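What the coordinates show
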Amino acid sequence: MSRFFTTKLSALKPYTPGEQPQDMQYVKLNTNESPYPPSPKALAYARDAASSLMLYPDPEYKVLCAKIAEVLGVQADQVVVGNGSDEILDFAFAAFCEKGAVYPDTSYGFYPVFACMNGVSGTEIPVGDDLSLNPADYAGAGKTVFIANPNAPSGVALSLSDIETIVRSNPDSVVVIDEAYVDFGAVSAVPLTKKYDNLLVVQTFSKSRSLAGARFGFGIGSPELISDLNRIRFSKNPYNVSRTTAAAALGALEDEDITRENCRKIMETRRRTAERLKAMGFTGPESSTNFLFIKHPEIDGKELYLKLKERGVLVRHFDKERIAAYNRVTIGTDEQMEIFITTVSAILEEMK
Ligand SMILES: *Cc1c(COP(=O)(O)O)cnc(C)c1O
């Protein structure tokens with residue numbers, strides 16, 4: 001830290017992104033990207049938009065918001081766009097958290113970082129021993145609630161009725177449901193945004209829509225909540241989504257059938273991979289996401305992570321004590337998972 005760095009942020013612990021190694025080709029199962037390429041329309045639209053890069057994009061992103069609204073079954077004034085869904089989460093911390101924020105103690109690592117950046121006091125609520133959330137813990141929180149559903153890194157989903165209970169029991173606080181992984185088997189709370197004015201649902205194009213590198217996410221809520229978030233957006237960066245990214249996102253939405261097919265394939269690969277891991281003695285919660293969170297009685301989480309990395313397979317390990325026994329493994333293609341399983345088998349065999 002230089003002597004010029006603001007003391008206000010001296011306690012800031014930046015988010016640690018998963019490794020994006022440039023040294024060699026790994027079987028990369030560590031950051032929950034899609035193993036499948038972006039849709040042809042996403043690529044074609046981005047290429048076309050590139051020829052207009054001397055011009056700023058439409059700061060209202062009217063065409064894109066209308067398309068998101070059509071696909072998600074809401075009104076266009078219920079949509080706000082972001083440079084990744086991380087940006088929408090950041091806007092929500094800036095806009096709605098005067099009384100503080102609550103989130104699970106084992107969840108997306110960015111929540112405490114955004115709380116700190118926005119001067120928000122954050123409270124962590126412990127998850128159960130099985131890593132599940134108890135909706136009753138969030139009733140009448142008196143603070144803004146942030147829940148990833150399905151949760152990360154556990155992969156566990158709450159039912160829609162549990163989500164509704166949390167929203168209903170916090171009528172005077174905003175409840176933010178981060179649905180980064182919702183397309184892999186959970187039920188979206190988007191329809192509830194018509195019924196509750198305190199619900200904000202956030203989704204991303206980084207996982208199910210194969211556009212992690214483009215950086216695009218959006219929020220859905222009541223027109224009033226969305227207007228508040230746009231107030232923040234126009235105060236930070238009205239052109240927060242690039243022309244090429246907005247075009248790619250529009251293309252992806254016109255290729256919804258490709259997204260659905262990719263999700264179906266990933267869920268099928270997940271089922272097969274989970275079965276094989278179970279047969280090898282691994283345990284972990286039932287996943288509703290594009291990753292598995294697994295541990296094995298005979299090998300420490302960190303040790304397995306390091307041995308896999310040595311052999312060219314990258315997974316995600318978290319040092320946090322509660323979950324240090326686990327590794328989070330992104331579901332890749334069938335071929336990638338075959339390599340993963342074979343490599344894990346060899347490591348376990350060597351330990352005997
Ligand atoms: C990946 C992820 C996000 C953010 O994704 P963006 O790439 O910023 O859209 C948000 N929340 C959770 C829980 C995630 O796993």
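Quick notes on the rules
Residues numbered from 1 in each chain as written. Predicted model: local features only at pLDDT ≥ 70, side-chain atom pairs only at ≥ 80, totals over all residues. Heavy atoms only, no water. Pairing = 2+ DSSP bridges. Helix = DSSP H or I, 4+ residues; strand = E, 2+ residues; numbered from the N terminus. Axes fitted to C-alpha atoms, helices over the stretch in contact; angles between N-to-C directions. Contact = heavy atoms within 4.5 Å. Near = heavy atom within 4 Å. Polar contact = N/O pair within 3.5 Å; in protein donor to acceptor, adjacent residues only side chain to side chain. Areas by Shrake-Rupley, 256 points an atom, 1.4 Å probe, with all protein chains shown as cover. Nonpolar A, V, L, I, M, F, W, Y, C, P; charged D, E, K, R; others polar. Domains from an automatic or database assignment. Buried area = accessible area lost by both parts, 1.4 Å probe. Salt bridge = Lys/Arg side-chain N within 4 Å of Asp/Glu carboxyl O.

As for the sheet that holds strand E2 (residues 79-82)
A sheet is described by the order of its strands in space; here 7 strands give the open sequence E2-E8-E7-E6-E5-E3-E4, paired in mixed fashion. On the outer flanks of this sheet lie E2 and strand E4 (122-125), each paired with one strand and no other. Neighbour-to-neighbour, the strand axes of the sheet open up by a mean angle of 20°, direction not taken into account. One ladder, built from 2 bridges, connects strand E3 (residues 101-104) with strand E5 (residues 144-148); its direction is parallel. Bridge pairing links valine 102 to valine 145 in E5. Its contacts with the sheet place helix H2 (residues 62-72) against E2, strand E7 (199-204) and strand E8 (217-220), and it is angled at close to 120° to E2.

Observations concerning the site of the ligand
By nearness alone, every residue bordering the ligand is listed as Gly84, Ser85, Asp86, Tyr108, Asp178, Ala180, Tyr181, Thr204, Ser206, Lys207 and Arg215. Here lysine 207 contributes a side-chain N or O atom positioned 2.9 Å from an oxygen atom of the ligand. Burial of the ligand by the protein amounts to 92% of the accessible area it has alone, namely 390 Å². For the shell around the ligand, the residue count by class is 3 nonpolar, 4 polar and 4 charged.

Describing the domain arrangement of the chain
Per the domain assignment, the segments of the chain are domain 1 (7-36 + 257-351) and domain 2 (40-255). Domain 1 and domain 2 are separated by 24 Å when their C-alpha centres are compared. Each partner contributes to the interface: domain 1 provides 32 residues, whereas domain 2 provides 36 residues. Across the domain 1 to domain 2 interface the summed buried area is about 2,600 Å²; carbon plus sulfur atoms make up 61%. Of all residues in domain 1, Tyr15, Ser288 and Arg322 bury the most surface against domain 2, accounting for 24% of the area lost on that side. Here domain 1 is connected to domain 2 by 3 salt bridges. A salt bridge links arginine 322 to aspartate 105, with the shortest nitrogen-to-oxygen separation between them at 3.2 Å. Linking domain 1 with domain 2 are 13 residue pairs in polar contact (both at pLDDT 80 or more). Elements supplying a minimum of two residues to the side of domain 1 that touches domain 2: helix H8 (256-279) and strand E9 (291-294). It is H8 that contributes the most residues to the side of domain 1 that touches domain 2, 9 residues altogether. Residues of the side of domain 1 that touches domain 2, tallied by class, amount to 15 nonpolar, 8 polar and 9 charged.

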